[in-house]
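This is what each chain is made of:
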Amino acid sequence: MMQTTIPCENPAPGGPGASPTWTRGNKDAIGTAYSTSSRVWFTLSEGILNEVYYPTVDRPQVRDVQYLITDGETFFHAEPQLDAEMEALSPHSPGVRVTLSGPEARYRIVKEIIADPHESSILMHTRFEVAPEWVGKLKLYVVCAPHLQVGGWRNGGAVASVAGHTVLTAHKAEIWLALGATIPFLQCACGFVGVNDGWKDLAENFQPDWTYDCAQDGNIALTGEMDLRRGTEFTLSLAFGNSFHNAATTLFQSLGIPFADHRARFQEQWQRSSRHLRNLEAATGDGENLYHRSESILLAHEDKLFPGAMIASLSIPWGEHHGDAEGEGGYHLVWTRDLVNTATGLLATENTLTPLRALIFLAVSQRPDGGFAQNFWVNGNAYWQGIQLDEVAFPVLLAWRLQAMKALRNFDPYPMVLSAAAYMIRQGPATPQERWEEAGGYSPSTLASNIAALMCAAEMTRARGDETTANFIQAYADFLECHIEAWTVTTQGTLVSDITWHRYNQDGYGQRADGGPYLEQIPS
């Protein structure tokens, strides 16, 4: 039996806490291990570790993890108040070094953040550098805001004891997290956000007055004071699992290996992944850093349980204003448009295997009617229910490109291509939703993607010997092409006096009899 105690003798009052929100959508860095056994992803904004995803790339489980600093008497600082500088740990790996500088040069915090190269945990190696006159006077706390199962409500947390060590834990349904470090916690507490969380506790009088050992069924925060007597350089680990035993085991497995060994393996894995890259050093001005890092960022958006599923972005747009309902979807979903654009970028680096996985994933995710959901989770379940015809076209373009590169291996995408072509013909030429404003009508960008995809489908059909179907598909593409200007160009625009393109046009005619404006016009 695991030596585990999860008490709830002194529960935090005042639940469920303030309404939860996520964090800002603009990210300065993202990261994950290259290994598929490490099923955790992290993001950073202004030096702060925020949304952490597990066990798939579309499931954020944590709002943020940050340090709090106080002298216990005169001041309290949180990471958002500090100046942050960030740099990559290496050209290939998405590991990050963050240097946080306190006011008046009192201290610096240097964090190196990676994912465990084999386990589902985030590792944050920390060095707390204190000015000589402040040595022994400062206290360092860590605070973690769980948003398990993609939501801040209904989380439960506790201070737990595992094999003689104190850890912070949280759970919701079958998802658990455990937070610990290579130095002990002096004291820990759980609380409800905005009521009695650690941030609020320290901000009021610079002292930890609340020592609640659990907080149940609400928007919670976990807080622990680092025992700086045991060292000012340590590794913090945030581990996940499908039970407390699983999360705790992962936590101690990660902490049991020196961070330097983890970092070396993390970087070596990503270095191996870049061996296929073309040598562009002579054509770049930065030693290929941007080139290599861009490929790593694209690869980091692929899921590890559903190969080929690449989400649009590890972010929740306007997350600081969005709660559980609004933040559930966002950009951390599969959009066929973004997935194919990512795959196309990887093809430019001569990576054909990942784009092939993406194509196979798309073919499996195609609806029976030949269409694709507007966006969907990596398990194939649709999120938004709209129909955007360019998102039906893009998988066809990827299939054609891989075929042209002789990179399909044993996979045959033709059934998917033919079904998608039939769907575009049945549903077009107007799209129920245009790609940006989600309004219906005749869109130049949608028409362009449909024409290109139909021409590719016609070519692939002709190669199968079905000349009649190929001619029909090509004739329909020609029909679309010869109507583009009639549907999407006006000389009665409000922006210019000559020709203006509509981004989308609802009625299908280029000029209105009254000369009035359309929904949106773009100067040609």
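Residues numbered from 1 in each chain as written. Predicted model: local features only at pLDDT ≥ 70, side-chain atom pairs only at ≥ 80, totals over all residues. Heavy atoms only, no water.

Colleague: Please clarify how the packing of aromatic side chains should be interpreted in this entry.
Modeller: Two descriptors summarise a pair of aromatic rings, namely the distance from one centre to the other and the angle between the planes of the rings. This structure, assessed with the given rule, holds 14 aromatic pairs. Pairing phenylalanine 479 with tryptophan 487 gives two aromatic rings, centres 5.8 Å apart and planes at 75°, and the pair type is edge-to-face. Taking the relative accessible area as the measure of exposure, phenylalanine 479 reaches 33% and is therefore partly exposed. For tryptophan 487, a relative accessible area of 8% gives the class buried. The positively charged end of lysine 304 is found above the aromatic ring belonging to tryptophan 41, 5.2 Å away from the centroid. (Phe/Tyr/Trp six-rings, centres within 6.5 Å; stacked < 30°, edge-to-face > 60°. Buried < 20%, exposed > 50% of the residue type's maximum accessible area, 1.4 Å probe, protein only. Lys NZ or Arg CZ within 6 Å of the ring centre and 35° of its normal.)

Colleague: What is the right way to read the confidence of the model for the protein from this model?
Modeller: In low-pLDDT segments, the atomic positions of the prediction should not be examined closely. Looking at the protein as a whole, the pLDDT averages 92, with 92% of positions reaching at least 70. The low-confidence segment residues 511-519 (pLDDT under 50) makes 19 contacts with residues lying over four places distant or belonging to another chain. (pLDDT = per-residue confidence, 0-100. Contact = heavy atoms within 4.5 Å.)

Colleague: Would you explain empty space enclosed by the protein in this entry?
Modeller: Remark: the empty space left among the atoms is shown by a probe the size of a water molecule rolled over them. Going through the model one piece at a time under the given rule, you end up with two cavities of 30 Å³ or more. Taken as a whole, the largest cavity encloses approximately 120 Å³ of empty space. Together, 17 residues line the largest cavity, and Ala189, Gly198, Asp201, Trp210 and Thr223 are the ones closest to its centre. Among the secondary structure elements, those contributing two or more residues to the lining of the largest cavity are strand S15 (185-192), helix H1 (198-205) and strand S17 (220-226). When residues in the lining of the largest cavity are grouped by element, the largest group, five residues, is from S15. For the lining of the largest cavity, the per-class residue count stands at eight nonpolar, six polar and three charged. In this structure, the second largest cavity encloses a volume near 40 Å³. Lining of the second largest cavity is provided by Leu49, Val65, Ile122, Met124, Leu179, Leu236, Ser237 and Leu238. (1 Å grid on protein atoms, 1.4 Å probe; cavity = no way out; pocket = protein on both sides within 12 Å on 5 of 7 lines; lining within 4 Å. Points joined across faces, edges and corners; volume = space filled by probe spheres on them. Helix = DSSP H or I, 4+ residues; strand = E, 2+ residues; numbered from the N terminus. Nonpolar A, V, L, I, M, F, W, Y, C, P; charged D, E, K, R; others polar.)

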